[in-house]
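Descriptive structure summary
Take a look at the letters that make up each chain.
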Amino acid sequence: MIKKILLADSGTGNSQEILLSLRDLPAIQGIPTTVLHVVPSQVAKETMESKMAEGDDILAKAVQALQTEANPVTTLKRQGEPKDTVCQVAEEIDADLIIMGSRGLKRLESILENSVSQYVFQLAKRPMLLVRDDIYVKKIKRVMIALDKSQSSKFSLELALFLLRNAKNVELILARVNPDLDPKLLPLSKKEVEENPVISAAIPIVKRMGIPYRCAVTGGKPGQSLCQLVDEYNADLLILGSPDRRPSVAKALPDLDRLLGTSLSDYVRVNANCPVLLARNTES
C-alpha cells in the first residue's frame, strides 16, 4: 500500500525521527523516500541566496540521517508557497504517504498563522502522518487504530495491517469510541468489548494476520476519549480514518467551514500525545 514516501522537511520538528521509527517495521524498509524542502517565494531578494543555501544544508543533513543502502533517499528543493508545493510534489511523485511536522496549532490559530501542515491536511487526498514538534517520538511498539463503521475506518485497518505485517514485538490496539454508550455501563468486560459490532468485525481479520492485539471500547466525546485512550494504552502511533476533505468549490482555498467545525481529525491531530496517521484511500 505504501511504495513512495514524501517527507516535507523544514529543518525543524520530528519528521525525520518518525520516519526512522517507521523503518523499524519490515513493511517500510526499502521504500524510497523523497525529502522536500521549500524556500518560500516571499523571502526578500537580499536574503534569498542565504535561504537557498540553508535549504541545501537541510537536505544534505536529511540525506546523512536517512540514507542507507537499503533505504534510498532523493531530495528536492523548490521555491514557492510551501503548502501548495507540498501538495503539488505529492501529486508529481505519486506519493503514497506524506510525512510532516506540525506545531499543533488549533483550527483558528492554524488559519491565522497560515499553517502548512493544516493546509496540506485539508487539501491532500493522500494518507498523511503528522508528528507534533513537542512530542517525543518513540519506537513503534503499540499502534492504536480508531474504528467505526465508515469506509475510511476500513481503509485505516488495511493500512495498519500493512504496516504491521511481519513485525515483531508490535501490538495493535483496536479502539472504538461510542458516543452513545451510557457511562454507567463502563468499564465494559473483555467479553462485552470483543462483542462490540465494530470490534468483532475487525478481530477475525487481525487474527488471520497473526498480529497481537488488544481491544478498547469507551464512550464520551470521540476526540477527547480517543486521546485519553492513547495515553491510557501508551500508544506510539495512532491511525485515524480521515475522509477526503478537499473543498468542493475551489482547492486553492481552505475550507473554513470544516476548519472551524468540530472535526475529529482536527481535534486528534492537535491533542493526541503521539504521531497521528490520517488515513485516506488514494484510489477513492
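In this text, all values refer to a predicted model and were calculated from it rather than measured experimentally. (Residues numbered from 1 in each chain as written. Predicted model: local features only at pLDDT ≥ 70, side-chain atom pairs only at ≥ 80, totals over all residues. Heavy atoms only, no water.)

Spatial strand order, E3-E2-E1-E4-E5-E10-E9-E6-E7-E8: 10 strands in an open sheet with mixed pairing. Both edges of this open sheet fall to strand E3 (73-80) and strand E8 (213-218), since each of them pairs with a single strand only. Recorded for the sheet is a direction-independent mean angle of 20 degrees between the axes of neighbouring strands. The sheet contact formed by strand E2 (residues 33-40) and E3 spans eight bridges and is parallel. Looking across to E3, one finds that Thr 34 is bridged to Thr 74. Along the sheet, helix H6 (residues 151-164) contacts strand E6 (142-146), strand E7 (171-177), strand E9 (237-241) and strand E10 (276-279); its crossing angle with E9, the most-contacted strand, is approximately 145 degrees. Lying on the sheet, helix H11 (residues 264-271) is in contact with strand E4 (97-102), strand E5 (128-132), E9 and E10; it crosses E9 at an angle near 170 degrees. (Pairing = 2+ DSSP bridges. Helix = DSSP H or I, 4+ residues; strand = E, 2+ residues; numbered from the N terminus. Axes fitted to C-alpha atoms, helices over the stretch in contact; angles between N-to-C directions. Contact = heavy atoms within 4.5 Å.)

Attention now goes to the state of the cysteines. Summed over the entire model, instances satisfying the criterion amount to zero disulfides. You can see Cys 227 has no disulfide; the closest cysteine sulfur is in Cys 274, sitting 8.2 Å from it. Of the residues examined, Cys 227 reaches a relative accessible area of 8% and is grouped as buried. (Disulfide = S-S within 2.5 Å. Buried < 20%, exposed > 50% of the residue type's maximum accessible area, 1.4 Å probe, protein only.)

This part takes up the side chain of Arg 280. Relative to the helices and strands, Arg 280 resides in the segment after E10. Exposure remark for Arg 280: the relative accessible area of 4% places this residue in the buried category. Within the structure, Arg 280 has its side chain in polar contact with the backbone oxygen of Ala 124 (distance 2.5 Å). Of the polar contacts made by the side chain of Arg 280, one reaches the backbone oxygen of Ser 242; its length is 3.5 Å. (Polar contact = N/O pair within 3.5 Å; in protein donor to acceptor, adjacent residues only side chain to side chain.)

We now examine the pattern of salt bridges. If you walk through the whole model with that rule in mind, you get 15 salt bridges. For Lys 139, the salt bridge goes to Asp 24, with nearest N and O atoms at 3.0 Å. Within this pair, whereas Lys 139 is found in the loop between E5 and E6, its partner Asp 24 is found in the loop between helix H1 (15-22) and E2, the two being separated by 115 residues in sequence. The exposure class assigned to Asp 24 is partly exposed, which follows from its relative accessible area of 43%. Residue Asp 236 is joined to Lys 138 by a salt bridge in which the shortest nitrogen-to-oxygen separation is 3.1 Å. Separated by 98 residues along the polypeptide, Asp 236 in the loop between helix H9 (222-232) and E9 and Lys 138 in the loop between E5 and E6 bring together distant segments of the chain. Residue class for Asp 236 comes out buried when judged on its relative accessible area of 2%. Among the charged side chains, a network of salt bridges with common partners joins Glu 91, Asp 94 and Arg 126. (Salt bridge = Lys/Arg side-chain N within 4 Å of Asp/Glu carboxyl O.)

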